[in-house]
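Now for the letters of each chain:
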Amino acid sequence: MSPLFGLLMAYPLPSAWRQVLLFSGFYFHMTLVLLALGTAFLAVFYCLATCFRAGSFGQGWDRGILRTFMGFKSLAVVLGVAPLLLIQVGRTLPFFNATGLFAGLWMLIIVLLVVSFISFDALGHGMQVHRLLRLGLGVTALVLLAAVPGIFAAVLVAAENPGLWIAILEQGFFLPGSLMFHWAARYLHVLGAALVFGAFFHYFFTSGGDSGKRAGMKGWLLAGVLVQLVIGPLLIVSLPSEMSALSVVFLGAGLLTLAVFVRLVAGRRAEAGRFGLKSSAALLLGVLLFMLLVRQDRQDRAFASLEASAASLGRARAEALAPYEKEALAKYREDVRRAYDNAPTIYGRSCAFCHGEEGDGRGPEAGNLAVPPEDITQIRASRPYLLSVLAGGVRGTAMPYFAVFVRGKLVDLVAYLDERWGVVGMPPPVSGVSPADLEQAGKLYSERCASCHGPAGVPTAAAEKFEPPPPRFTEYSLLPGRAMEVMSGGYHGTMMGGFAAGLSPQLKKALVQVLYDLRTAGT
Amino acid sequence: MPFLLFQVPYLGNGMAIGLNAVIHVIISHGVAIGFTAMIVVAEYLGVRKGWPGWEEQAARMLKPAAIIITGVGAVTGVGIWFTTSALNARGIGSMLRVFFWPWFIEWLVFTLEVAAILVYYFKWDAWAGERRKYRISFGAAYVALACVSAFLITGILGFMLTSDGWPWSRSFVQAFFNPSFPAQLLLRLGLSFTLGSLFALAFVSFARLEPGHRRQALRVYGRIMLAAGVLSALFGVWYFAVVPSRFKTHAVFSVLTSHFSQRPHLFWWANGAAFLLLAGAVVAALAGARRAARVLVIPAVIAAAALTAEYERVREFIRGPYILPGYMYSNQVLLTEEAYFRDKGLLDNSPWFGLAGRAGDKTLEAVYLFKQNCSSCHTIGGLNDIVDRVRGRSLDGVYVIIGRTHEMVPFMAPFSGTDEERHALASFIYDMATGKTPVRTFYLPFPPGRDGKR
């Protein structure tokens, strides 16, 4: 396997270990999730009872119930990390693509959990507010919290059905019809289980032996079981594929355990309202174990073919990439050794591909540009003007803004350009220009150039809208040879035409001097 | 790319991951390690030293700490897995292969941490008299475990900046115990205690306490903050000394961004003001001056949070353009793939693009190219808007810039794709920049097509 490709295909621990750890991590996580969710539901219910004075035992019990929420939710979160880690390692492709399918909702879980956790914990740990506000906050927190298993269920349903990923994509954040039914059944199944677990816990641990409270919790517990018995068949019917023999065995064992649990809780021995903690807890956890085993078996089967094809594709890609490895590492080695903390490096890497190593505008990308990069060696400009061009770029050309470098680096870059090509300052005066030529050139400038470049060398408002706009002659000049070249031949890709094409060399020189005089006047 | 590419509207993917991570860092460092340590200090002074008022103060500090740690700190910590799995699946999946065991051990430590804070909180009233000794040991154990978490995570974070010889050796030891690891660990611990003592100062300044006790508490926490702050500064100097110039040179820009990069004095003024506020809070605390502390401490808390966010921003930014140095660019393209896609094409070699069955849809092709190449940092129409970045440039200019990103701007990943794909992306961005086509976010993995399908 190519060392430059294979990370995602590497497994830090053997498959069996991954499976065992993932399952056991998920089992503990789910137990705490169900306890937290059930606790939140019951607390809000008894808060409602308190608000509307229904039932004598309900008065203030919600606080007692809610006080336990902090422990459940904290452990649920922390125990959720292990399965999250392991599924990313063991079920990389289905898991990441399912989170990608529901990315927005998946990340929304963070907000949902933070708001509901803070609300519940504040209410359960001393926050004193009006009862209706308490109820409102509790209901809001419960709705937000209850949405979380819905999103998880959607992600897992999607992960287990790779054949429908495109259909899910086409519908945005929605599952296609058949899966939607399955998702709903699965989600309600989780909520029903939460009710059972929450009621079971509070029957023993927060009722304080109060028979009224215990009777209430027992009622919730049996109601939760009843809900499961209604939803369970719907869930089985909604399964996108047939159950394996192993799943059927696990399901049967789960139902049998549930039957024993119900008999223990609702049987004759429990008529007095009491049943033993140890045996009933073991049975309840057993039911969860078998149900999760069914889920795990189905998931393993759903992922198997996808992972096999992904591994095969991965091997093929690794082979294809192998020839590029040497080049990639060599480039990386060069890159990490190079610091853009000096002007020669910045020029060489950020400018030269257009302006050329020698600043002559003949870099390797120059041929791709309609507006050719300027020959830097021919520029004589003020330092602030050069800095403004570097920081802001030139509109309508390829010249980008280099504000990606802080001011000091651009100042150094200008100094470097000046050191190499003397770009900062005034151009030398043009020799051999007679006053008459100068006068005529002045007139020519007014007639042919000023409409864009402005009478004083500052572009007119209309010309400022050109892409690119003309340069400011009060701050920017080209050496005579280059200036005459532009006057005569124009500047490709811009509005600058060869307006001086037919003029005599003397008049062109005089026109250059006129531009230089504008610079002097501007200065 | 074997995974889908989602774009967080307005914030962008990098900023969404960063926002969650910064909130987590402020809580995990400032509250979980620092503030809880200050609670243990208060309990120690009350229980072991018998200083009046301290034990009660510790109890009052513990409740909000427990709620914030378990409600926000833990969730945003796990939230990092949520954001990265949705937005940077290939990156986090690959990192997980390199650092599976540190992360797995960190999970065990995290579990113990949560158990310790729950016992510490729930048993506070139950363990009275001599049993208070056990209680304090749970608080201390929690702080120690949180420091172990910092140790484990710092090795991974340090790797992302200074991977040392890992690209060639693939040595875990070299990756984890990388050159910036020790300095960064000490810096983080120093910052934790500085933040924690500052949060404690805020609590003491505003809580209803007996005046004499408040003065004493202000002085105690002021001294701790002074010591931790000075040490943090020294560790900070050490840290930045070991960070190679290649990365360090972009530190100031990472904070100023191109909006303010030509006014670098703002960086120094803002940081100077933040440090002055922190120093002011320390002086007020050392003087036991409640009113001055009340005035200064909230701005100081904001300044400290901003400095923490700034540090994380700098660290995350300057590691660009890599997420796994020597292996993967920050846009989840492998170093080898860049060259491969240049020859063979990105779209033809992206499984999801093929699965979507939308070849020939020019918009989709361009959106996909944008998402794969640019969306880990840039948005369309939001923060760090790609349209703003190229606005005013000519079409051929955009084409040239795209092909030279990495060369021109060293913290940007290179473009991956053929020349034709480079042209397609350039036209797509250019058309939006010139108003020829509307600016749209395209947050879903595949935007709606002509038939209304996604």
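Notes on the environment of B:Val40
All names here are of chain B. Looking at the element boundaries, Val 40 is found in helix 1 (residues 13-47). For Val 40, a relative accessible area of 12% corresponds to the buried category. Distance from Val 40 to Gly 139, taken between C-alpha atoms, is 5.9 Å for residues 99 residues apart in sequence. Excluding anything up to four places from it in sequence, Val 40 contacts Tyr 120, Ile 136, Gly 139, Ala 140 and Val 143.

Describing unusual backbone geometry
In most cases, non-glycine residues show a negative phi, while peptide bonds are predominantly trans. A cis amide bond links A:Glu467 to the next residue, A:Pro468, at an omega of 0°. Turning to its location among the elements, A:Pro468 is positioned in the loop between helix 17 (461-464) and strand 2 (476-478). Here the residue pair B:Gly320 and B:Pro321 is connected by a cis peptide bond, since its omega of 10° sits within 30 degrees of zero. As for its placement among the helices and strands, B:Pro321 is situated in the loop between helix 13 (290-318) and strand 1 (322-324). A positive phi angle, near 60°, is found at B:Thr257, a position not held by glycine.

Digging into the environment of B:Leu276
Relative to the assigned elements, B:Leu276 resides in helix 12 (residues 265-286). Note: C-alpha distance between B:Leu276 and B:Ala303 (27 residues apart in sequence) is 9.5 Å.

As for the domain arrangement of chain B
All names here are of chain B. Segmenting chain B into domains produces domain 1 (13-329) and domain 2 (335-443). For domain 1 and domain 2, the distance between their C-alpha centres works out to 37 Å. On the domain 2 side, the residues contacting the 17 residues of domain 1 number 13 residues. When the two sides are added together, the surface that domain 1 and domain 2 hide from each other amounts to roughly 1,200 Å², 60% of it contributed by carbon and sulfur. The residue Arg 90 makes a salt bridge to Glu 337 at a minimum N-O spacing of 2.8 Å. Linking domain 1 to domain 2 there are three residue pairs in polar contact (both at pLDDT 80 or more). Looking at the side of domain 1 that touches domain 2, the elements that each hand over two or more residues are helix 1, helix 11 (251-260) and strand 2 (328-329). The residue inventory of the side of domain 1 that touches domain 2, partitioned by class, reads eight nonpolar, seven polar and two charged.

Parameters at a glance
Within any chain, residue numbers begin from 1 and follow the written order of that chain's sequence. A letter from A marks each chain and a number from 1 marks each ligand, given out in the order of writing. Residues qualify for local features only when their pLDDT is at least 70, as the model is predicted, and side-chain atom pairs are given and counted only at 80 or more; totals for whole chains, interfaces and linings, by contrast, use all residues. Side-chain metrics in this entry use all non-hydrogen atoms of the structure; hydrogen atoms and water are not considered. Put simply, DSSP marks the helices as runs of H or I at least four residues long and the strands as runs of E at least two long, and each gets a number from the N terminus on. The buried label applies to any residue whose accessible area, calculated with a 1.4 Å probe on protein chains only, is under 20% of its type's maximum; exposed applies above 50%, and partly exposed to all values in between. Two residues form a contact once any of their heavy atoms are found within 4.5 Å. Domain ranges listed in this record stem from an automatic or a database domain assignment. A quick way to say it: buried area is the sum, across both parts, of accessible area lost when two parts are put together, with a 1.4 Å probe. By definition, a salt bridge exists where a carboxyl oxygen of Asp or Glu is found within 4 Å of a side-chain nitrogen of Lys or Arg. Each polar contact in these results corresponds to two N or O atoms within 3.5 Å; when the atoms are within protein, one needs to be able to donate a hydrogen and the other to accept it, and residues that are neighboring in sequence are counted only if both atoms are side-chain atoms. Any residue that is not Ala, Val, Leu, Ile, Met, Phe, Trp, Tyr, Cys, Pro, Asp, Glu, Lys or Arg is counted as polar, Gly included; the first ten are nonpolar and the last four charged.

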